[in-house]
Amino acid sequence: MDDRDTLFSLVEPSDRPDLGAVAGSFDPARLTQARFAAGLSKAKLADLIGVTPAAIGQYESQSSTPRRDLLPVLARALHVPVGYFATGRPIGRVDGSQAHFRSLRSTSARDRAKAIAFIEQVWELTFALEKKVRFPEVDLPPIDRGHADPLSAAQALRAQWGLGVKPVKHLVALAESHGIVVSLLTMANADVARVGAFSTSHLARPVIVVTPERAKSVFVYRFTIAHELGHVLLHGEAAPGDKQQEREADQFAAEFLTPRSQIVNLLPRTVNLSRLDELSRHWGVSVDSLLLRMKETGAVSDASIRRGYQKLNQLRSSGLETPEPVNAYPGEVPSMLAQAAELADQAGYGQADLARELRWHPARVREVLGAEDPRPALRLVSEPPQS
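Predicted model only: the values in this text are computed from it and were never measured. (Residues numbered from 1 in each chain as written. Predicted model: local features only at pLDDT ≥ 70, side-chain atom pairs only at ≥ 80, totals over all residues. Heavy atoms only, no water.)

Points about the environment of Leu 19
Counting through the fold element by element, Leu 19 comes out in helix 2 (residues 19-24). Among the residues examined, Leu 19 registers a relative accessible area of 23% and is labelled partly exposed. Residues Leu 19 and Arg 67 lie 48 residues apart in sequence; the distance between their C-alpha atoms is 9.2 Å. If we ignore the near neighbours within four places in the chain, the residues touching Leu 19 are Arg 68, Leu 71, Pro 72 and Val 82. (Helix = DSSP H or I, 4+ residues; strand = E, 2+ residues; numbered from the N terminus. Buried < 20%, exposed > 50% of the residue type's maximum accessible area, 1.4 Å probe, protein only. Contact = heavy atoms within 4.5 Å.)

Encoded structure:
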């Protein structure tokens, strides 16, 4: 018996799930989601369970339903309980035009599909927890998507969140406190990690997912979070590979993290890496980002900027630059979902209960919950609001 067989017994109410009931309420969208989450093509899944790729297509289009005896085989191949395939619970639905990907060119369609399945399940977990725990309301300024100026949008978000022109401390904690779900993938999801980061605003709550590669540097990570916030505010429909959308999200992130009205008077008049490092730590952005800001002001020549990058790369290649991993900054580690699960557990609704409701293996619940860094941002649904 392998680990998944052991987990299977923990999730299912009995060792013999009602195959007839699952077959009678088979949800083809669940099969597609599970296949994407497993990173399998129709042909590969068909090979694993002994049917034709056309049969998988028919199951997913609802033109036919898998035989009852095939359901356990399908569940094992996709690492889900048999009950996962039944209807009767909400499903997050995000298509390729509704998710933004940070590293589109370097990722395959399979990896993007796996990322979409993950972001759908992040929302499903959030929805299940919201039955027990009161989450912060989504608090975003009204923006005319597709027509808004990125700089104005960044300023509007700062105003909405009462930031003024000061540095943004604890960006992820701030975003979570305003109702945005942020998730940091575990290394177990190596395929999706190649995507870099992704987000959607097409579910009941905006969801931003960042991968471990971005978490190696807190400064790159924070810019990525701000970039995805830009997509959430500015771009309703994603245009895969659209350079303009990516530029706008970068412009939003730069203005949100380092308002031009403030940073322009603080930047040195020459490429002084020591001074830029001080500003980097104060504002929580990379030296690279500040070099770009210097270029935007026009006070320093392009040649000087290039030499600045060369010196910076030399420092990095020689190992003289101090690494700043995200896990050294608790306010940048997502914690809203983990904290909600902890509060729900205190109310008698633990991770095993979540697994049963979602019809996932417990290991999947733990993976989607991510890292834990409790903060008093949530309260039980039954708890009365503070006056």
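A few points about the nonpolar core
The biggest cluster of nonpolar side chains holds 56 residues, and the ones touching the most others in it are Leu 45, Leu 78, Phe 85, Leu 125 and Leu 129. It is helix 7 (residues 109-130) that provides the largest number of residues to this core, a total of nine residues. Those residues in contact with Leu 129 that lie beyond four places of it in its chain are Phe 135, Leu 337, Ala 340, Ala 341, Ala 344, Leu 354 and Leu 369. (Core = buried A, V, L, I, M, F, W, Y, C linked by side-chain atoms within 4.5 Å.)

A word on the packing of aromatic side chains
On inspection of all chains with the given rule, the structure shows five aromatic pairs. Ring plane angle 35° and centroid distance 5.2 Å describe the contact between Trp 123 and Phe 127, whose orientation is recorded as tilted. On the criterion of helical spacing, the pair formed by Trp 123 and Phe 127 is a turn pair, its members being four residues apart in helix 7. Take Trp 123: its relative accessible area is 12%, and that puts it in the buried class. Taking relative accessible area as the criterion, Phe 127 reaches 32% and is therefore assigned partly exposed. Among the aromatic side chains, those forming a connected cluster through ring pairs are Phe 26, Tyr 84 and Phe 85. Over the aromatic face of Tyr 84 sits the side chain of Arg 89, whose NZ or CZ is 5.3 Å from the ring centroid. (Phe/Tyr/Trp six-rings, centres within 6.5 Å; stacked < 30°, edge-to-face > 60°. Lys NZ or Arg CZ within 6 Å of the ring centre and 35° of its normal.)

Brief notes about unusual backbone geometry
Of note in this structure, Gln 62 is not a glycine but carries a positive phi near 70°. Relative to the assigned elements, Gln 62 resides in the loop between helix 5 (53-61) and helix 6 (71-78). For Gln 62, a relative accessible area of 55% corresponds to the exposed category.

Observations concerning the pairing of strand 3 (residues 181-184)
Residue alternation in strand 3 divides its side chains into two sets, Val 181 and Ser 183 and Val 182 and Leu 184, and both sets are buried. Direction of pairing for strand 3 relative to strand 5 (residues 207-210): parallel, over a ladder of four bridges. Bridge assignment links Val 182 to a residue of strand 5, and that residue is Ile 208. (Pairing = 2+ DSSP bridges.)

Examining helix 14 (residues 273-283)
When helix 14 is considered as a whole, its buried residues turn out to be Leu 273, Leu 276, Leu 279, Ser 280 and Trp 283. Summarising the axial view, the buried residues of helix 14 lie within an arc of 115°, below the 170-degree limit, and thus occupy one face. On its buried face, helix 14 sits against helix 8 (150-160), helix 11 (218-234), helix 12 (243-257), helix 13 (260-263), helix 15 (287-297) and helix 16 (302-317). Sitting at the amino-terminal end of helix 14 is Asn 272, which places a side-chain oxygen 3.1 Å from the backbone nitrogen of Ser 274. (Arc of directions from axis to C-beta. Polar contact = N/O pair within 3.5 Å; in protein donor to acceptor, adjacent residues only side chain to side chain.)

A closer look at the layout of surface pockets
With a probe scaled to a water molecule rolled over the atoms, the places where space remains empty come into view. Estimated volume of the largest pocket: approximately 740 Å³. In terms of lining residues, the largest pocket is bounded by 30 residues, among which Ser 286, Val 287, Asp 288, Ser 289 and Arg 316 are the most central. Where the lining of the largest pocket is concerned, the elements lending two or more residues are helix 11, helix 12, helix 14, helix 15 and helix 16. Looking at the lining of the largest pocket, the element that brings in the most residues is helix 15, giving seven residues. Here the lining of the largest pocket is built from residues that sort into eleven nonpolar, seven polar and twelve charged. (1 Å grid on protein atoms, 1.4 Å probe; cavity = no way out; pocket = protein on both sides within 12 Å on 5 of 7 lines; lining within 4 Å. Points joined across faces, edges and corners; volume = space filled by probe spheres on them. Nonpolar A, V, L, I, M, F, W, Y, C, P; charged D, E, K, R; others polar.)

Quick notes on the confidence of the model for the protein
Looking at the protein as a whole, its pLDDT mean stands at 85, while 84% of the residues score no less than 70. Within the model, pLDDT remains below 50 along residues 1-15, and this stretch shows 24 contacts once partners closer than five positions in the same chain are excluded. With pLDDT under 50 throughout, residues 371-377 is counted as low confidence; its partners more than four residues away or in other chains account for 21 contacts. (pLDDT = per-residue confidence, 0-100.)

Observations concerning the packing of helix 18 (residues 351-358) against helix 19 (residues 362-369)
Interaxial distance between helix 18 and helix 19 falls to 9 Å at its minimum, and their mutual angle equals 105°. If you check the angle between helix 18 and helix 19, you find them roughly perpendicular. Contacts between helix 18 and helix 19 involve Gln 351, Leu 354 and Ala 355 from the former and Pro 362, Val 365, Arg 366 and Leu 369 from the latter. Split into classes, the residues belonging to the contact of helix 18 with helix 19 amount to five nonpolar, one polar and one charged. (Axes fitted to C-alpha atoms, helices over the stretch in contact; angles between N-to-C directions. Parallel < 35°, antiparallel > 145°, perpendicular 65-115°, else oblique.)

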